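# Examination of the molecular architecture
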Amino acid sequence: MLVMTNTKDHPTALPAHVRTVVVGAGYAGLSAALSLHDDGIDTVILEGSGRVGGRVCSERRRDGVVVDHGGQWVGPTQKHLLALAERFDRPTFPTYNTGEHIELWPDGAQRRYTGAGPDDGPGMDEYLAAADRIDELARTIDIDDPTATPDIEKWDSETVHSYFERTVANEDARRRLALAVEGVWSIEPRDLSLFHLLFYVASAGGFDQLMETEGCAQERRFRDGAQSTALAVAEHLGDRVHVNTAVRHVEHTTDGVRIETTRGTILADTVVMALPPSATQRVTFTPPLPVSRTRWVERSPMGDVAKVHAVFDTPFWRADGLSGQATIYGDRAVGVVFDNSPEDAGHGVLVCFVYGDRQRSWSALSDDDRRTAIIDTLVELFGDRAASPIDYTEKIWPQDRWARGGYAASPTPGTWFAHGHDGWRAPADRIHWAGSETASIWNGYIDGAISSGARAAEEIRKRLSR
Ligand SMILES: Cc1cc2nc3c(=O)[nH]c(=O)nc-3n(C[C@H](O)[C@H](O)[C@H](O)COP(=O)(O)OP(=O)(O)OC[C@H]3O[C@@H](n4cnc5c(N)ncnc54)[C@H](O)[C@@H]3O)c2cc1C
């Protein structure tokens, strides 16, 4: 992992009192702390794990190949992430998107195509019509005030599975839509509220923005890994970042907040909790949080995703006219493959995504069987040269001690309607909420994490100026 080596072995003592404590050094917490620090507001970040970056986690492997185990892509409308990367001089490069993509169907049939999808592919027309309907419904959602949506009760009462069953007759189109849902939310359509799907689409600026590469969310990658900007921010903040410092308890006192950590106690005027719901649940609060916030957090489970990288001497599939991108329908563990080679193509890297039900059964296999399941699929797609990677690495996010899943949390059906108004991100007295799950724009993405941190910092500034 790319870790901050200066803070791990020689921890700086915690200050007794600061104006603002930020809990969590993912992109949301770093963004909040940076914004407050820029304004001269005395702030520290407390991070439970031994590194910054949270769900963004880059690793330099053999021969210097950097793999991104977590968040990796940035799209052209993700202005907050692009601006932060530019401020800290972290270059990006285009995702390899040249050549033919492959579709592998349950019966072993393969289709090759370029562009967004095979024009003549099974169920394609119905799939595209369904995507248009989703965009149309999503346009009615106010992303800053989602619970004001007129049809929220109806849409939040239906799962995406039942919506597709009801509105999409073609089975292959439903298969395509199900894989799209797994790919974007890393959960099964039966677990996803139609309202949350529509909010998320609105938050990203359209269904295609979530799905596509060129001009969309998967357009570019970071030369030194997506964690490199987080490391640069942490370096800039210096001793204000305390890793290996997990927050256990947050207590309102008469004139501030008392924060208990594994390394002692700090008093602060205000707190920004920049954690995913899975981690917020493990912190206790006095007085207890408002019921709406507690319910929101309890009813927002993380997705089930694993990322697997196979490294080869060269990106050999490119010479065969293939982009390295594949979508796999059916029972094979892998759902989607991308070419994750370094910019100079000095090595070839394929990244495999394993989601939802398939992730649960695949992760229960032995180490050898998991690897065999992945490599067999790569051989089926790219031929025998895929059988012998020079390096192989997996990150199974539900097993991550801090995040307990990914990419993000998805509120279960009914949660937005019943608890969204007060539970989504309304401050609880001196406690303010950040985290990708609290963003209006690019909710669930790194960009959303960064804007959520900036929003929480703005709330703090207003409070402190009163
Ligand atoms: C596999 C995967 C792929 C993804 N792909 C993309 C992508 O390509 N593009 C994109 O934009 N997004 C992607 N995402 C989503 C993106 O990574 C997240 O939305 C974003 O990083 C979340 O940032 P955050 O700061 O809100 O939360 P986190 O990154 O989860 O940060 C929370 C921090 O809090 C810490 N913490 C937890 N509990 C405590 C505690 N008690 N005390 C102190 N600290 C604590 C954690 O260790 C962590 O560092 C992906 C995510 C995953 C998992």
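Predicted model only: the values in this text are computed from it and were never measured.

Per the stated rule, a full pass over the model turns up 19 aromatic pairs. Their ring planes at 75° and their centres at 4.7 Å tell us that Trp296 and Trp416 sit as a pair that is edge-to-face. With Trp296 in helix 12 (residues 291-298) and Trp416 in helix 16 (residues 415-423), this pair connects stretches of sequence that are 120 residues apart. Judged on exposure class, the residue Trp296 and its partner Trp416 are both buried. Between Phe312 and Phe316, the ring centres sit 5.3 Å apart and the planes meet at 85°, which makes this aromatic pair edge-to-face. A residue is classified by how much of its surface remains accessible, and Phe312, at 3% relative accessible area, is buried.

Our focus in this paragraph is the pairing of strand 7 (residues 110-113). Bridge count for strand 6 (residues 100-104) against strand 7 is four bridges, and the pairing is antiparallel. Opposite His101, over in strand 7, you have Tyr113 as the bridge partner. Linking strand 6 back to strand 7 in an antiparallel pair, the connection comprises five residues, with Gly108 at a positive phi of about 90°.

Bringing the layout of surface pockets into the picture now. What the second largest pocket holds in volume is close to 410 Å³. For the lining of the second largest pocket, the secondary structure elements donating two or more residues are helix 6 (160-167), helix 7 (171-185) and helix 14 (356-363). Among the elements that line the lining of the second largest pocket, the one with the most residues is helix 7, at six residues.

Rules and cut-offs
Residues numbered from 1 in each chain as written. Predicted model: local features only at pLDDT ≥ 70, side-chain atom pairs only at ≥ 80, totals over all residues. Heavy atoms only, no water. Phe/Tyr/Trp six-rings, centres within 6.5 Å; stacked < 30°, edge-to-face > 60°. Helix = DSSP H or I, 4+ residues; strand = E, 2+ residues; numbered from the N terminus. Buried < 20%, exposed > 50% of the residue type's maximum accessible area, 1.4 Å probe, protein only. Pairing = 2+ DSSP bridges. 1 Å grid on protein atoms, 1.4 Å probe; cavity = no way out; pocket = protein on both sides within 12 Å on 5 of 7 lines; lining within 4 Å. Points joined across faces, edges and corners; volume = space filled by probe spheres on them.

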